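In case you want the letters, here they are:
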Amino acid sequence: MKILGAGSLHLIYALLVLLHMQTSIGSNSTTTDDGVKCIKSERQALLAFKQGLVDEHGRLSSWGSEEEKKNCCEWEGVQCGNTTGHITMLDLATNSYDRHFILRGNLSPSLFELQYLIYLDLSENNFKLSHIPESIGSLNKIQHLDLYYCNLSGSLPTQLANLTSLQYLNLGYNNFNSVKNLERLSRLSYLQYLYLNDIDLSKVNNVWLRYFSCSPWSNGQQFDCFYIPMVVQL
């Protein structure tokens, strides 16, 4: 029997979650009062997010306020629930083998006005040392959150502990200067996968870390952590 490595398990898990999301949330929304399959406030939130980005190759060219582009459920990377019309999925991950499509700019708090998001993947884009906004705590329906290699900085907001539906969280390869609030994630009872590559965990409660599968780097500070077999209540 072949034993899969952590990287393979990571990929398989992400693909399974994505497949489940696509089959359960659908790709279209209900029609709103103005005849457009998109909720106006959510469209505006996405456009505000786009405004803070540099999109050199027009990856988000389908996003716009023009009449023919008003249906944000048809925009690149966006999926809406087929019964509510709310945006439930945003996948703007950059392919590591095609880096010239990378998005650069600020991680706008407007993105976290999408309170019906279940799946959010912004991995491998460059947010130029932006901090994770505290408003991320409003995403109380989110199950999959991938911020891998996004050039984020600052402290981890305590509001991450409010994401009580979260099953998958990837914070690896960023520039956080403090992860002291990481221990609060132990309260997330549905969390199955936590990815913390290249994050300094030297000041995190060691008792809590024992419940992770973590491989330390040679410097004894950075860790590769990829699985939580149980939840610890602190």
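The structure displayed is predicted, hence computed values, not measured ones. (Residues numbered from 1 in each chain as written. Predicted model: local features only at pLDDT ≥ 70, side-chain atom pairs only at ≥ 80, totals over all residues. Heavy atoms only, no water.)

(A) Looking closely at the overall build of the protein chain. When its secondary structure is counted, the protein chain shows 3 helices and 13 strands. Looking at the 234 residues of the protein chain, the share that counts as buried comes to 47%. Long-range pairs, those at least 24 residues apart, make up 61% of the contacts in the protein chain between residues at least 6 apart in sequence. Accessible surface, the protein chain: about 11,600 Å² in total, of which carbon and sulfur atoms supply 49%. (Helix = DSSP H or I, 4+ residues; strand = E, 2+ residues; numbered from the N terminus. Buried < 20%, exposed > 50% of the residue type's maximum accessible area, 1.4 Å probe, protein only. Contact = heavy atoms within 4.5 Å. Areas by Shrake-Rupley, 256 points an atom, 1.4 Å probe, with all protein chains shown as cover.)

(B) Region of the structure containing helix H2 (residues 40–51). End to end, H2 covers 16 Å across 12 residues, agreeing with the expected 16 Å (1.5 Å per residue, within 8%). Within H2 the residues assigned to the buried category are Glu42, Arg43, Ala45, Leu46 and Phe49. Relative to the axis of H2, the buried residues are bounded by an arc of 160° and lie together on one face. Seen from the buried face of H2, the exposed residues on the opposite side, beyond 90 degrees, are Lys40 and Gln51. (Expected span 1.5 Å × (residues − 1). Arc of directions from axis to C-beta.)

(C) Structural detail: the pattern of salt bridges. For the coordinates displayed, the defined rule picks out 2 salt bridges. Across the pair Arg104 and Glu56 runs a salt bridge whose closest N-O atoms are separated by 3.8 Å. Taken together, the residues Arg104 in strand S4 (residues 104–105) and Glu56 in the loop between strand S1 (53–54) and strand S2 (78–80) connect sequence positions 48 residues apart. For Arg104, a relative accessible area of 27% translates into the label partly exposed. For Glu56, a relative accessible area of 53% puts it in the exposed group. Here Glu67 ties to Lys70 by a salt bridge, and the two come within 3.5 Å at their closest N and O atoms. The class for Glu67 is exposed, based on a relative accessible area of 58%. (Salt bridge = Lys/Arg side-chain N within 4 Å of Asp/Glu carboxyl O.)

(D) Looking closely at the sheet that holds S2. A sheet is described by the order of its strands in space; here 6 strands give the open sequence S2-S3-S5-S6-S8-S10, paired in mixed fashion. This sheet does not close on itself; its edge strands, each paired only once, are S2 and strand S10 (193–195). Neighbouring strand axes in the sheet, compared pairwise and without regard to direction, differ in orientation by 10° on average. Note that strand S5 (residues 119–121) and strand S6 (residues 144–146) share 3 bridges and pair parallel. Bridged to Asp121 within S6 is Asp146. (Pairing = 2+ DSSP bridges. Axes fitted to C-alpha atoms, helices over the stretch in contact; angles between N-to-C directions.)

(E) A look at the state of the cysteines. Taken as a whole, this structure holds 2 disulfides when the rule is applied. The residue that forms a disulfide with Cys38 is Cys72, at a sulfur-sulfur distance of 1.9 Å. The sign of the 90° torsion about the S-S bond sets the Cys38-Cys72 disulfide as right-handed. Taken together, the residues span a long stretch of sequence, with Cys38 in the loop between helix H1 (6–25) and H2 and Cys72 in the loop between S1 and S2 at a distance of 34 residues. Neither residue differs from the other here; Cys38 and Cys72 are each classed as buried. Between the sulfur atoms of Cys73 and its disulfide mate Cys80 the distance is 2.1 Å. When the S-S torsion is -95°, as for the bridge of Cys73 with Cys80, the disulfide is left-handed. Assessed through its relative accessible area of 5%, Cys73 is described here as buried. (Disulfide = S-S within 2.5 Å.)

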